[in-house]
Amino acid sequence: MAKMTSISNISGVGLRLPHLMEIVATLPPIGWLEVHPENFLANPHAAELLTELSTHYPISLHTVGISVGSAGGLDRSHLKRLLSFIDRIHPILVSGHLAWSTYGNDYLNDLLPIPFTEEALRVVTAHVDEVQDVLGRSYLIENPASYLGFCSSTMPETEFLSELVRRTGCKLLCDVSNVVVSAHNLSYNAYRYIDDFPADAIREIHLGGYTPEEDTATPDSQLLIDSHAAAIAAPSWDLYLYALRRFGSKPTLVEWDNDIPPLSTLLEEVVKVDTAFGQCSRKQSEGHYVDAR
Ligand SMILES: [Fe+2]
């Protein structure tokens, strides 16, 4: 059967293994699915089921093992494994993170931050070029959830991303909840960040839940942790409406990776995405907006 090669509905869900069998059995009304290829590469049965699902849903691959921010270079064998998986699934989009997660031969189970400097930009540019050359397609880079900033940074994150797009021709994945998390933790204006984000390059949006935790370094304050373990919070929905105004309609993913709820809960979040999109479209057609700032 033919693969799905276009998205007709903007809302999608991150497909995690606990929901795989239920989705195969029920084929719920979801616009598209996103998976971490690393969850399927070592699981032939799951990969077979995903191949079947790719005839029913457009699939987006969101890599967690391509470390474009690592100074030590890319893992080329992993890149080759990803390429063969792409040849099997025929995803509509392939994305990864503006982060590093390898050091030498060690994989660190985290997405670690990079300073926004010309030196780091050269490293990331070379790696994104290499990824796109090997995969033979555009690679989407996702803005990080940040918990600290580097004194050595010489440019804002949005400028770093804009320059990366200009140098490599890559596309971007804007995680709106990451913007809420980073803006809170680093004390900047999330709406200004969306204003400055290189909108023309956006091919996908993420929305995920975060968890407030006590900031032990600063009395009486909280850090927001990008936990993907909760429902999408009100500030993310508000910023999403604002982002839709600025970016227009973009495929939007509900991400929930920890404390995974029943599939029905994810589908309720999908309905909220569609409602937000409908609300935004209606206000646009009526020629007015509610400015959330
Ligand atoms: Fe994300």
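Refer to the preceding data block for the structure.
Reading guide: rules and limits
- Residues numbered from 1 in each chain as written.
- Predicted model: local features only at pLDDT ≥ 70, side-chain atom pairs only at ≥ 80, totals over all residues.
- Heavy atoms only, no water.
- Axes fitted to C-alpha atoms, helices over the stretch in contact; angles between N-to-C directions.
- Helix = DSSP H or I, 4+ residues; strand = E, 2+ residues; numbered from the N terminus.
- Parallel < 35°, antiparallel > 145°, perpendicular 65-115°, else oblique.
- Left-handed = near helix turned anticlockwise from the far one by under 90°.
- Contact = heavy atoms within 4.5 Å.
- Buried < 20%, exposed > 50% of the residue type's maximum accessible area, 1.4 Å probe, protein only.
- Pairing = 2+ DSSP bridges.
- Donors = N, O, S within 2.8 Å, 3.2 Å for Na, K, Ca; no water.
- Nonpolar A, V, L, I, M, F, W, Y, C, P; charged D, E, K, R; others polar.
- Salt bridge = Lys/Arg side-chain N within 4 Å of Asp/Glu carboxyl O.

Trainee: I tried to follow the packing of helix α4 (residues 76–89) against helix α5 (residues 118–135) on my own but got confused; where do I start?
Mentor: To describe two helices that pack against each other, one gives the angle between their axes and the distance between the axes. Between α4 and α5, the shortest axis-to-axis distance is 10 Å and the interhelical angle comes to 40°. The angle between the axes of α4 and α5 places the two elements in the oblique class. Read as a crossing pair, α4 and α5 show a hand that is right-handed. Of the residues in α5, those in contact with Arg76, Leu79, Leu82, Leu83 and Ile86 of α4 are Glu130, Val131, Val134 and Leu135.

Trainee: It is not clear to me how helix α3 (residues 44–53) should be interpreted in this structure. Could you clarify?
Mentor: In an α-helix, one turn spans 3.6 residues, which is why side chains three or four residues apart end up on the same side. Those residues of α3 not exposed but buried are Ala46, Ala47, Leu49, Leu50, Thr51 and Leu53. Buried residues along α3 sit against α1 (17–26), β2 (32–35), α2 (38–41), β3 (59–62) and α4.

Trainee: Explain the pairing of strand β1 (residues 11–14) here, please?
Mentor: Each regular strand carries side chains that alternate between the two faces of the sheet. Side chains of β1 alternate between two faces, with Ser11 and Val13 and Gly12 and Gly14 buried alike. Where β1 lies against strand β12 (residues 252–255), three bridges are found, and the strand directions are parallel. Across the sheet, residue Gly12 finds its bridge partner in β12, namely Leu253. Here β1 runs beside β2; their pairing, made up of three bridges, is parallel. Bridge assignment links Gly12 to a residue of β2, and that residue is Trp32.

Trainee: How do you make sense of the coordination of the iron ion when you look at a structure like this?
Mentor: Six octahedral donors around a metal ideally subtend angles of 90 or 180 degrees, whereas four tetrahedral donors ideally subtend 109.5 degrees. At 2.1 to 2.4 Å from the iron ion lie its protein donor atoms, namely Glu142 (OE), Asp175 (OD), His206 (ND1) and Glu255 (OE). All donor residues of the iron ion come from one chain, and their arrangement in sequence is E-x32-D-x30-H-x48-E. Pair noted here: Asp175 is in strand β8 (residues 171–175) and Glu255 is in strand β12, with a separation of 80 residues, a long-range link. As far as the burial class goes, Asp175 and Glu255 line up, both buried.

Trainee: Would you take a moment to explain the packing of α3 against α4 for this structure?
Mentor: For the pair α3 and α4, interaxial distance at closest approach is 9 Å and the crossing angle is 40°. Looking at the two axes, α3 sits oblique to α4. Here Ala47, Glu48, Leu50 and Thr51 of α3 come into contact with α4, specifically with Phe85, Arg88 and Ile89. Classifying every residue of the contact of α3 with α4 gives four nonpolar, one polar and two charged.

Trainee: Can you help me understand the environment of Val35 in this one?
Mentor: In this fold, Val35 is placed in strand β2. For Val35, a relative accessible area of 0% puts it in the buried group. Distance from Val35 to Lys250, taken between C-alpha atoms, is 18 Å for residues 215 residues apart in sequence. Look past the residues within four positions of Val35 in its chain and what remains in contact with it is Leu15, Arg16, Phe40, Leu50, Ile59, Ser60, Leu61 and His62.

Trainee: Would you explain the sheet that holds β8 in this entry?
Mentor: By way of backbone hydrogen bonds, the strands of a sheet pair with one another, either parallel or antiparallel. Spatially, the eight strands close up into a barrel ordered β1-β2-β3-β4-β7-β8-β9-β12, and their pairing is parallel. Between one strand axis and the next, the sheet turns through 30° on average, direction left out of account. Where strand β9 (residues 202–208) lies against β12, four bridges are found, and the strand directions are parallel. Bridge pairing links Leu207 to Val254 in β12. The strands touched by helix α9 (residues 234–247) are β8, β9 and β12; relative to β9, the strand with the most contacts, the crossing angle is about 170°.

Trainee: Just to check I follow, could you spell out the pattern of salt bridges for this structure?
Mentor: As a working rule, side chains carrying opposite charge can pair if their charged atoms are close by. All told, the structure shown has eight salt bridges when counted by the stated rule. Here Arg167 and Glu118 are joined by a salt bridge, their closest N and O atoms 3.0 Å apart. With a gap of 49 residues between them, Arg167 in helix α6 (residues 157–168) and Glu118 in helix α5 connect regions that are remote in the sequence. Overall, the relative accessible area of 31% leaves Glu118 in the partly exposed class. Glu269 is paired through a salt bridge with Lys272; the nearest N and O atoms lie 2.8 Å apart. Here Glu269 and its partner Lys272 are both found in helix α10 (residues 263–286), three residues apart, which amounts to about one turn of the helix. You can call Lys272 partly exposed: its relative accessible area is 39%. Residues joined by salt bridges that share partners form a network here, namely Glu118, Arg122, Glu163, Arg166 and Arg167.

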